[in-house]
Amino acid sequence: MDSCVIPLRHGGLSLVQTTDFFYPLVEDPYMMGRIACANVLSDLYAMGITECDNMLMLLSLSQKMNEKDRERVMPLMIRGFRDAAEEGGTSVTGGQTVINPWIIIGGVASVVCQPNEFIMPDGAVPGDVLVLTKPLGTQVAVNAHQWLDQPERWNKIKLVITKEEVKEAYQEAMFSMATLNRTAAALMHKYQAHAATDVTGFGLLGHANNLAKQQCSEVAFVIHNLPIIAKMAAVSKACGNLFNLVQGTSSETSGGLLVSLPREQAAKFCAEMKSPNAGGQGPAGGAWIIGIVEKGDRRARIIDKPRIIEVPPRGSQVANQENSPAPSPNLS
């Protein structure tokens, strides 16, 4: 699924390791470094692992950049990556840098751990509840922000969103992508999670399908609710079939964890994720109950008319007015 688990020769220990890399998708080099690191670590967090022993950085410098731009941009990306690693309680001890037509950044995360430190992603059972720990819509938000300077694209969406709302959604997407899933990983143990994966390039439905296929029990994942960065569902609809956000196939970068939890634990997991004391993201982030696990053929589906939960960007007027998060939907 998200990481390889390699049994070692020494005393019941396993090496858990993952790698990931991609092109820049935001304009801020420092934040791009943070996002890249968060994205690599997320594969460990999806297995309930909260500690990382070591990280390597993979970096490609673009041969199309002049030396002045390279000397400004690359150190910021490296610093962002290192700062996020430090926030995750680990450090970057090496890696590889190459010259390439494109900028690429990513890394390798490794940890040696005991069996009780990770949760294999195959234990979902009928009656479980599905929880998502970050809102969807990062790809739509990033693209909408790029379109502010492209009149032919902007004209497609300007009837459903203002330029200020685009900027707020972009900031929310950037900070969401740079947020570590470490708190969620720790709470997976506390609330007896049965399986999890992180939501990235295949979108919510793609990763839900991948997770469903891995289950030991004959189960199906049914998704009823979609927490989405405010206005991004409307932008996606205005673009026709370009993103398919509500259909669950829009790509995400460094998205949240999709977690299968016992029904009696799900609401408590969400409440603690939203608590600032637990390192949660507050009312504009956190966790949402999005669906159920029932007996089935190891597939995932989104119901015909899912409930869209509009998640206001942090710092927006709407977010500031909301003193408490929306109640978890009743999925009984």
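Residues numbered from 1 in each chain as written. Predicted model: local features only at pLDDT ≥ 70, side-chain atom pairs only at ≥ 80, totals over all residues. Heavy atoms only, no water.

### Some points on the packing of aromatic side chains
Okay, so step 1: Summed over all chains, the structure comprises three aromatic pairs.
Okay, so step 2: Summarising the aromatic geometry, the rings of Trp147 and Phe243 are spaced 5.9 Å apart at their centres and angled 35° between planes, so their arrangement reads as tilted. Of this pair, Trp147 sits in the loop between helix 3 (138-146) and helix 4 (151-157) while Phe243 sits in the loop between helix 8 (232-238) and strand 9 (257-261), and the two are 96 residues apart along the sequence. The same class applies to Trp147 as to Phe243, namely buried.
Okay, so step 3: On the numbers, 6.3 Å between centres and 75° between planes, the contact of Tyr191 with Phe269 is edge-to-face. Linking Tyr191 in the loop between helix 6 (182-190) and strand 7 (195-198) with Phe269 in helix 9 (residues 263-274), this pair joins segments that are 78 residues apart in sequence. (Phe/Tyr/Trp six-rings, centres within 6.5 Å; stacked < 30°, edge-to-face > 60°. Helix = DSSP H or I, 4+ residues; strand = E, 2+ residues; numbered from the N terminus. Buried < 20%, exposed > 50% of the residue type's maximum accessible area, 1.4 Å probe, protein only.)

### Here's the deal with the sheet that holds strand 2 (residues 14-22)
Okay, so step 1: Taken in spatial order, the five strands of this open sheet run 1-2-5-3-4, and their pairing is mixed. Each end of this open sheet is capped by a strand with a single partner; those strands are strand 1 (4-7) and strand 4 (92-100). Within this sheet the neighbouring strands show an average axis-to-axis angle of 15°, counted without direction.
Okay, so step 2: Where strand 3 (residues 54-62) lies against strand 5 (residues 104-113), seven bridges are found, and the strand directions are antiparallel. (Pairing = 2+ DSSP bridges. Axes fitted to C-alpha atoms, helices over the stretch in contact; angles between N-to-C directions.)

### What to know about the confidence of the model for the protein
Okay, so step 1: Scored by pLDDT, the protein has a mean of 93; 92% of the residues are at 70 or more.
Okay, so step 2: Of the regions scoring below 50 in pLDDT, residues 280-284 engages in 15 contacts with residues more than four places distant in sequence or in other chains.
Okay, so step 3: When the criterion is pLDDT under 50, residues 323-329 qualifies, and its contacts beyond four places in sequence or with other chains add up to five contacts. (pLDDT = per-residue confidence, 0-100. Contact = heavy atoms within 4.5 Å.)

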